[in-house]
Amino acid sequence: MPVVMVAEGGRTGQVAPISRLLRVGRGSEAELRLDDLCVSRLHCSFEHADAEVTLRDLRSLNGTRLNGRRVTYEVLRSGDRIRLGKTVLVYFDDGGELSELFGAQADPVLGPAPNDEETQALGGRQLPPLEPA
């Protein structure tokens, strides 16, 4: 199942599966809530249909950036980085890719941001750096 992971920001390490529709923002309507004042209440959405996942900006004030460029609607590829305000999400086609990067510790479960002990359990491993466009 496709997933997004919070790579930078207040909920670093949180993983959210994209079963069909995943809305992201600060508001209570969002399935993935971010603690970032630069993120709109409903900032963007991910939609999984017909074997692909699309990213759609929901008319956010500060915009949605995909791999450094502002977008309104795009089909995603595994490893894409999405910037919403000060938060960065990384998209993976398959949650199993997280296990390859972080080992068995990375279960794709939507939940609270990890505490310090959980972060340390990842052994300080980080995502690969974003390649320049």
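Report on the accompanying structure.

## Some details on the sheet that holds strand β8 (residues 69–71)
Step number 1: Ordered by their spatial adjacency, six strands build an open sheet running β2-β1-β11-β10-β7-β8, and the pairing between neighbours is antiparallel. Of all the strands in the sheet, just β2 (15–17) and β8 have a single pairing partner and so form its edges. Adjacent strand axes in the sheet meet at a mean angle of 30°, parallel and antiparallel pairs treated alike.
Step number 2: In this sheet, strand β10 (residues 81–84) lies alongside strand β7 (residues 64–66) in antiparallel orientation, the contact comprising three bridges. Paired with threonine 64 across the two strands is leucine 84, which belongs to β10.

## Focus on unusual backbone geometry
Backbone geometry follows two general trends: most residues other than glycine have a negative phi, and most peptide bonds adopt the trans configuration.
Step number 1: Backbone geometry at alanine 51 places phi at a positive 65°, although glycine is not the residue there.
Step number 2: When you line up the elements, alanine 51 lands in the loop between β5 (44–49) and β6 (52–57).
Step number 3: With relative accessibility at 80%, the residue alanine 51 sits in the exposed group.
Step number 4: For asparagine 67, which is not glycine, the phi dihedral falls at a positive 50°.
Step number 5: Relative to the helices and strands, asparagine 67 is located in the loop between β7 and β8.
Step number 6: Its relative accessible area of 27% is what places asparagine 67 among the partly exposed residues.

Definitions and cut-offs
Residues numbered from 1 in each chain as written. Predicted model: local features only at pLDDT ≥ 70, side-chain atom pairs only at ≥ 80, totals over all residues. Heavy atoms only, no water. Pairing = 2+ DSSP bridges. Helix = DSSP H or I, 4+ residues; strand = E, 2+ residues; numbered from the N terminus. Axes fitted to C-alpha atoms, helices over the stretch in contact; angles between N-to-C directions. Buried < 20%, exposed > 50% of the residue type's maximum accessible area, 1.4 Å probe, protein only.

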